[in-house]
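Chains, contacts and geometry: an overview
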Amino acid sequence: MQQPNFSNAGDKTNHKLSQPNGTKHVALLLNKTLQKHPIAAIVFTWTAVQLISWAIFGIVTELEGLKYIHAADYLLQNGDFPETRYWFYSVTTGLIALSKLLHTGYWPVFFIQLIYSLTAHLFFYKSLKSLSPGEDIAPLLTTLLLCCILPYQRWNLTLYTESVFYSSVLLFFASCILVQKISFKSSMIQLLLLLLVILSRPLGILILIPWIVYLFLRSPARYRIYFLILIAAGGIILLTVSNLILSSIGDWNILAPFQEGYIICDLSSSDTIRLHSNPEGTPLQQLFSYLQQHPGHFFRMSLKKTAAFFLLTRPYYSTFHNLALYLLAALLYIPVLIVFLKKKFTTLSITALSIVLIVWAAVILQCDDYHSRFQLMLIPVFLFLGIFTLLQSRAHK
């Protein structure tokens with residue numbers, strides 16, 4: 001009697017067990033598709049989020065946008081800005097003025113903002129890709145995640161300065177990632193990008209010091225003494241421009257956040273203090289005097305501003321809105337903490353961290369924004385420090 005042969009049956013059983021299930025098959029297919037068409041994936045995701053933003057928030061030409069519209073009208077009538085500080089909003093204001101001059105309405109402004117934003121996202125992907133050759137999906141996933149963060153993307157459909165400012169910061173930061181070895185040409189390109197950042201919004205002047213730190217770390221050892229001198233010069237420029245901007249704001253006093261207890265700008269709290277300002281001193285001199293005389297009050301206010309800055313939540317938001325912002329904060333910061341616990345410090349991570357620290361310092365020295373717009377400019381930096389570095393390190397294991 002012939003013995004049954006079970007060898008083929010065993011092969012079939014093993015073959016079935018080795019087959020991926022439906023979920024894994026879809027995941028593998030999606031992964032291959034994304035890797036094969038990364039640019040299309042970024043464009044599609046970014047476009048979809050802009051449409052979602054338009055459906056939720058609409059197109060905003062009023063509120064703060066009126067300030068830049070009025071400045072554009074003044075520019076067309078007088079050939080100058082109404083106040084010196086508007087030079088540091090000149091990109092958006094200039095675009096609005098040009099649209100008025102050509103009688104095209106504001107649509108060209110929105111179109112330029114959208115194209116500029118998409119270009120910056122694609123350049124950000126290219127810069128991350130330069131650090132992750134091969135089939136590492138970390139650059140693509142990081143860029144897609146940035147495209148999906150609605151609080152960051154919603155400003156593209158407003159006449160506020162945030163759209164151009166965020167895109168300029170993203171381009172500048174991407175250039176720092178992309179340039180592996182500094183040269184005169186790369187430095188001049190970065191200087192022009194930094195100038196664009198500064199002319200998009202006054203906060204951009206803060207990026208000057210981190211850029212010089214970046215150049216110092218990237219430069220050969222024999223040239224670093226020159227960059228130390230540049231850092232000192234950059235500090236003087238930063239203080240001078242800050243004084244210029246703060247002195248030209250007619251409706252703002254540098255001590256107001258402490259006198260009125262502002263944690264969020266223009267929203268008073270119970271933690272107020274009576275101060276005597278020196279009208280002859282510069283804004284920064286007045287601030288320094290306050291820090292000397294009231295360190296305890298400054299420390300209390302700093303803790304509250306730090307919580308508002310990093311956690312993003314606001315008392316005037318709904319519970320659901322605040323929960324979503326807590327999730328976003330966790331997504332941004334937990335990977336950063338994991339990476340830093342592993343002590344993965346590089347030139348780029350030090351540069352990125354210095355950008356975060358200097359913007360945070362500016363907030364505690366004044367106040368945080370109503371919609372967390374100061375923190376939102378840092379989202380690409382946090383994604384680079386955290387999720388991208390974490391995914392990249394796992395891919396290379």
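1. Here's the deal with the overall build of the protein chain
Tallying secondary structure elements over the protein chain gives 19 helices and zero strands in all. Looking at the protein chain as a whole, 49% of its 397 residues are labelled buried. Intrachain contacts of the protein chain at a sequence separation of at least 6 include 74% that bridge at least 24 residues. On the protein chain, roughly 20700 Å² of surface is accessible, and the fraction owed to carbon and sulfur atoms is 68%.

2. As for the confidence of the model for the protein chain
Overall, the prediction assigns the protein chain a mean pLDDT of 87, with 88% of residues at 70 or greater. In the predicted structure, residues 1-19 sits below a pLDDT of 50 and forms zero contacts with residues beyond four places in sequence or in another chain.

3. Remarks on the environment of Ile-39
On the secondary structure map, Ile-39 appears in helix α3 (residues 38-57). Separated by 86 residues in sequence, Ile-39 and Tyr-125 place their C-alpha atoms 8.7 Å apart. Those residues in contact with Ile-39 that lie beyond four places of it in its chain are Leu-122 and Tyr-125.

4. Quick look at the side chain of Thr-389
Structurally, the position occupied by Thr-389 is in helix α19 (residues 379-395). In contact with Thr-389, not counting residues within four places along its chain, are Val-339 and Phe-384.

5. Let's talk about the state of the cysteines
For the coordinates displayed, the defined rule picks out one disulfide. The partner cysteine of Cys-265 in its disulfide is Cys-367, sulfur to sulfur 2.0 Å. Handedness here is read from the sign of the S-S torsion; for Cys-265 and Cys-367, about 100°, the answer is right-handed. In this pair, Cys-265 sits in the loop between α13 (256-259) and α14 (283-293) while Cys-367 sits in the loop between α17 (347-365) and α18 (373-376), placing the two residues 102 residues apart along the sequence. Looking at Cys-367, the relative accessible area reads 2%, which means it is buried. In this model Cys-148 remains outside any disulfide bridge; the closest cysteine sulfur is found in Cys-147, 6.5 Å from its own.

6. Some points on the side chain of Arg-201
Looking at where Arg-201 falls in the secondary structure, it is placed in the loop between α10 (184-200) and α11 (208-218). Separated by 3.3 Å, the side chains of Arg-201 and Glu-162 make a polar contact. Setting aside residues no more than four positions away along its own chain, Arg-201 makes contact with Glu-64, Tyr-68, Phe-88, Tyr-89, Thr-161, Glu-162, Phe-165 and Phe-374.

Calculation notes
Residues numbered from 1 in each chain as written. Predicted model: local features only at pLDDT ≥ 70, side-chain atom pairs only at ≥ 80, totals over all residues. Heavy atoms only, no water. Helix = DSSP H or I, 4+ residues; strand = E, 2+ residues; numbered from the N terminus. Buried < 20%, exposed > 50% of the residue type's maximum accessible area, 1.4 Å probe, protein only. Contact = heavy atoms within 4.5 Å. Areas by Shrake-Rupley, 256 points an atom, 1.4 Å probe, with all protein chains shown as cover. pLDDT = per-residue confidence, 0-100. Disulfide = S-S within 2.5 Å. Polar contact = N/O pair within 3.5 Å; in protein donor to acceptor, adjacent residues only side chain to side chain.

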